[in-house]
Amino acid sequence: AIWSRKPVILKGVSERFGTFSGGAWPEPPQEAIVMPIAASEQENILGVWVVGVNSRMRFSDSFLGFVEIFTRQIAGALNTIFSVEQERHRATVLAELDRAKT
């Protein structure tokens with residue numbers, strides 16, 4: 001997912017990683033999607049998030065579309081956080097320069 005910048009579908013999740021909670025259902029997820037989180041189309045991957053697929057639901061393009069939309073929301077929130085932190089840092093540096101001048 002990181003190198004391809006595309007979702008990766010994992011099958012046999014319980015066999016590979018152990019049993020996870022199925023939430024309200026007794027069956028644990030058997031599939032998961034690993035979604036890359038990109039800062040933007042041109043930038044590096046910030047990380048990935050793993051989404052379990054409900055065992056009672058078949059994986060579909062519409063579910064993948066939902067996960068992609070949610071991933072863009074996560075990326076947007078992270079970009080906002082990074083921008084605010086960058087602006088804070090810039091303000092701190094300018095304040096230090098201003099103090100050094102006086």
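I will try to describe carefully the structure that is included in this document.

Parameters at a glance
- Residues numbered from 1 in each chain as written.
- Predicted model: local features only at pLDDT ≥ 70, side-chain atom pairs only at ≥ 80, totals over all residues.
- Heavy atoms only, no water.
- Helix = DSSP H or I, 4+ residues; strand = E, 2+ residues; numbered from the N terminus.
- Rg over C-alpha atoms; globule rule 2.2 N^0.38 Å.
- Buried < 20%, exposed > 50% of the residue type's maximum accessible area, 1.4 Å probe, protein only.
- Core = buried A, V, L, I, M, F, W, Y, C linked by side-chain atoms within 4.5 Å.
- Contact = heavy atoms within 4.5 Å.
- Salt bridge = Lys/Arg side-chain N within 4 Å of Asp/Glu carboxyl O.
- Phe/Tyr/Trp six-rings, centres within 6.5 Å; stacked < 30°, edge-to-face > 60°.

1. Considering the overall build of the chain
Counting its secondary structure elements, the chain contains 2 helices and 3 strands. From first element to last, N terminus to C terminus, the chain shows the α and β order β-α-β-β-α. Here the chain has a C-alpha radius of gyration of 20 Å; the compact-globule value for 102 residues is 13 Å, and the former is much larger. With respect to the principal axes defined by its C-alpha atoms, the chain has extents near 65 × 25 × 20 Å. Taking all 102 residues of the chain together, the buried fraction comes to 23%.

2. Considering the environment of V50
As for its position among the elements, V50 is in strand β3 (residues 45-53). C-alpha of V50 to C-alpha of R88: the two residues are 38 residues apart in sequence and 31 Å apart in space.

3. So, the nonpolar core
Core analysis: the largest hydrophobic core is formed by 7 residues, namely I33, M35, V51, V53, F63, L64 and V67. Of all the elements in the fold, those that place two or more residues in this core are β2 (31-38), β3 and α2 (61-101). Top contributing element to this core by residue count: α2, with 3 residues. Among residues more than four places away in sequence, those in contact with V51 are E31, A32, I33, F63 and V67. Grouped together as the second largest cluster of nonpolar side chains are 5 residues, A1, L10, V13 and A32 included.

4. Points about the pattern of salt bridges
Evaluated as defined, the whole model comprises 4 salt bridges. Residue E85 pairs with R88 through a salt bridge whose shortest N-O separation is 2.9 Å. On the criterion of helical spacing, the pair formed by E85 and R88 is a turn pair, its members being 3 residues apart in helix α2.

5. What to know about the packing of aromatic side chains
Scanning the entire structure with this criterion turns up 4 aromatic pairs. When the ring of F66 is compared with that of F70, the centres are 6.2 Å apart and the planes differ by 40°; the resulting orientation is tilted. Taken together, the positions of F66 and F70, both in helix α2 and 4 residues apart, correspond to about one turn of that helix. One aromatic cluster is present, built from ring pairs that chain together W49, F59, F63, F66 and F70.

6. Side note on the environment of V48
Positionally, V48 belongs in strand β3. Taking relative accessible area as the criterion, V48 reaches 37% and is therefore assigned partly exposed. Sequence separation between V48 and P7 is 41 residues; the distance between their C-alpha atoms is 9.4 Å. If near-sequence neighbours (up to four positions away) are discounted, V48 is found in contact with A1, I2, V34, M35, P36 and I37.

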